[in-house]
Amino acid sequence: MSSIHFNSNSYTSIHSGTRLIITGAVHGNETCGTKAIHRVIADIEAGRLEILSGSVTFVPVCNPLAYRHQRRHGERNLNRRLMPTAQPQEFEDHVANWLCPLLAKHEVLLDLHSFRGEGEPFVLTGPENNDGTLEPFQFADQELAMAQVLGVHRIVDGWLSTYALGAQRRQARLPSTASNKRRADAQILFGVGTTEYMRTVGGYGMTLECGGHEDADAPEVAYQAIINTLKHFGMIDGTAAPTSRLEYLRICDVVDKLHADDRFVRAWRSFDVLHQNDLVGIRHDGTEVRAQMDGRIIFPDEAAGADEEWFYVTRYHLQDAAPVAMAGAQL
């Protein structure tokens, strides 16, 4: 591990403008962002792109240990409990102590990811403007405007508030003998990743899920999103038009596995449609798990362990948006 180092590339114009940071490989097996970032850096170095205003920082690989081994984590999930610590214990703590101050120097974040299995790309944004205690925020309009030009057709919000709901349930289920680590993992702050941290330091940002890990189109999705973002902020020539036929979804519930033998009744994919009372899974004791509302399933994880997130449920929002039929969505 001693040879592992952190790296970023920054470009600054002589003209003032947005301070943007673009990150890849927060999870080491999600390489589409890394490939796209290297491609954009090559375009800048070759003079095919010119930064006309502001500054942009690229972090091709946020988690070099996980990236070296082409696995999701080094020693833990970097995109959980992301915050500086005075006493780093795991490799990702060292990453956080480098990455968090770097994020704080910027105004806007585009974080590039991919997901397990197949499915359509989508973008995760933050909450509506609010003065609450969980995730106070004042840049919802700016986030939405940026999300609409990335080139994907689905915009999803509601992550941290729903994660907090699940964390409260996990805390209530903890036995008195639970370890300190298990108690820490059940805390609401465990749901804080790159974009959530960015909002705590006065900025805004979004996670772009560019497609499946093995999707050959995912690096192109990531590349076009970077180009559109640079155009959106006037940092390179050109105009980024909003994507047409957008579907807006809000994450509103999370269902945990309660036992390792809980199972799905079918091979669910993110954004498969759910109708109220649809059978989703069966607990190890035979109890049926059914959809409580119309919407779409997201992040189904057959490999989840007991007391881990099994799947999330989204509902349509923004003028009661109707489902959009696209490849990979089972309507």
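Everything here concerns the structure above.
On a predicted model such as this, the values are computed, not experimentally measured, just so you know.

Undergrad: What am I meant to see in the overall build of the protein chain here?
TA: Each helix and strand in the protein chain was counted, giving eight helices and 14 strands. Taking 2.2 N^0.38 as the reference for a compact globule, 331 residues should give roughly 20 Å; the C-alpha atoms of the protein chain span a radius of gyration of 20 Å, in line with that estimate. For the protein chain, the C-alpha atoms occupy an extent of roughly 65 × 50 × 40 Å along the three principal directions. The 331 residues of the protein chain split such that 53% are buried. Summed over its atoms, the accessible surface of the protein chain is roughly 14900 Å², and 49% of this surface lies on carbon and sulfur atoms. Across the protein chain, 31 positive and 42 negative side-chain charges occur, with their mean positions spaced 3 Å apart.

Undergrad: Would you take a moment to explain helix H4 (residues 140–147) for this structure?
TA: Helical periodicity: at 3.6 residues per turn, an α-helix aligns residues three or four positions apart in one direction. Taken as a whole, H4 has its buried residues at Ala140, Glu143, Met146 and Ala147. The buried side chains of H4 occupy one side of the element, clustering within an arc of 130 degrees when seen end-on. Here the buried face of H4 lies against strand S4 (108–115), strand S5 (122–124), strand S6 (154–157), helix H7 (194–200), strand S7 (204–212) and helix H8 (218–232).

Undergrad: What exactly am I supposed to notice about the pattern of salt bridges here?
TA: It is possible for side chains bearing opposite charge to pair when their charged atoms get close. Overall, the coordinates contain 23 salt bridges when judged by the stated rule. Ionic pairing is found between Asp256 and Arg170, a salt bridge with its closest N-O pair at 2.6 Å. With Asp256 in strand S8 (residues 247–256) and Arg170 in helix H5 (residues 159–173), this pair connects stretches of sequence that are 86 residues apart. Three or more residues are tied together by salt bridges with common partners; here these are Arg76, Arg81, Glu90 and Asp93.

Undergrad: Even after reading the chapter, I still don't get the pairing of S8, so can you show me in this structure?
TA: Regular strands show a simple pattern: their side chains alternate between the two faces of the sheet. Burial analysis of S8 places nine of its 10 residues in the buried class, which makes it a mostly covered element. As paired strands, S6 and S8 are joined by four bridges and run parallel to one another. Looking across to S8, one finds that Asp157 is bridged to Arg250. Note: S8 against strand S14 (residues 309–316), seven bridges, orientation antiparallel. Looking at S14, one finds that Arg250 is bridged to Arg315.

Undergrad: Sorry, what's going on with helix H1 (residues 32–45) here?
TA: With 14 residues, H1 extends 20 Å from end C-alpha to end C-alpha; this agrees with the ideal 20 Å at 1.5 Å per step. Turning to H1, its buried residues are Cys32, Gly33, Thr34, Ala36, Ile37, Val40, Ile41, Asp43 and Ile44. A positive phi of about 85 degrees marks Gly47, the residue just after H1.

Undergrad: I would appreciate a short explanation of the environment of Ala147 in the present structure.
TA: Structurally, the position occupied by Ala147 is in helix H4. Residue Ala147 is classed as buried on the basis of its relative accessible area of 0%.

Undergrad: I would appreciate a short explanation of the sheet that holds strand S9 (residues 263–264) in the present structure.
TA: Strands in a sheet are paired, the pairing made by backbone hydrogen bonds, and the direction either parallel or antiparallel. The sheet built from three strands is open, its strands ordered S9-S11-S12 with antiparallel pairing. Every other strand in the sheet has two partners, leaving S9 and strand S12 (288–290) as the edge strands with one partner each. With two bridges joining them, S9 and strand S11 (residues 279–282) adopt antiparallel strand pairing. Counted as the bridge partner of Phe264 is Gly281 from S11.

Undergrad: Could you clarify how one ought to interpret the packing of aromatic side chains in this entry?
TA: The description of two aromatic rings rests on the distance between their centres and on the angle between their planes. All told, the structure shown has 15 aromatic pairs when counted by the stated rule. Summarising the aromatic geometry, the rings of Phe6 and Phe91 are spaced 6.1 Å apart at their centres and angled 40 degrees between planes, so their arrangement reads as tilted. Remark: Phe91 occurs in helix H3 (residues 91–104) and Phe6 occurs in the segment before strand S1 (9–12); sequence separation between them is 85 residues. Taken together, a centroid distance of 6.4 Å and an interplanar angle of 85 degrees make the contact between Trp159 and Phe299 edge-to-face. Here Phe299 lies in the loop between strand S13 (295–298) and S14 and Trp159 lies in helix H5, a separation of 140 residues in the sequence. Residue classification places Trp159 among the buried residues on the basis of a relative accessible area of 11%. Each residue in the set Phe115, Phe122, Trp159, Tyr163, Phe271, Phe299 and Tyr312 is aromatic and connected to the rest through ring pairs, giving one cluster.

Undergrad: Any chance you could explain unusual backbone geometry here in plain terms?
TA: Negative phi characterises most residues that are not glycine, and trans characterises most peptide bonds. Here the phi dihedral of Ala25 falls at roughly 50 degrees; this positive angle occurs in a residue that is not glycine. If you trace the backbone, Ala25 turns up in the loop between strand S2 (19–23) and H1. For Asn277, which is not glycine, the phi dihedral falls at a positive 80 degrees. Within the fold, Asn277 resides in the loop between strand S10 (273–274) and S11. We classify Asn277 as partly exposed; its relative accessible area is 47%.

Reading guide: rules and limits
Residues numbered from 1 in each chain as written. Predicted model: local features only at pLDDT ≥ 70, side-chain atom pairs only at ≥ 80, totals over all residues. Heavy atoms only, no water. Helix = DSSP H or I, 4+ residues; strand = E, 2+ residues; numbered from the N terminus. Rg over C-alpha atoms; globule rule 2.2 N^0.38 Å. Buried < 20%, exposed > 50% of the residue type's maximum accessible area, 1.4 Å probe, protein only. Areas by Shrake-Rupley, 256 points an atom, 1.4 Å probe, with all protein chains shown as cover. Lys, Arg positive; Asp, Glu negative; His and termini not counted. Charge placed at Lys NZ, Arg CZ, Asp CG, Glu CD. Arc of directions from axis to C-beta. Contact = heavy atoms within 4.5 Å. Salt bridge = Lys/Arg side-chain N within 4 Å of Asp/Glu carboxyl O. Pairing = 2+ DSSP bridges. Expected span 1.5 Å × (residues − 1). Phe/Tyr/Trp six-rings, centres within 6.5 Å; stacked < 30°, edge-to-face > 60°.

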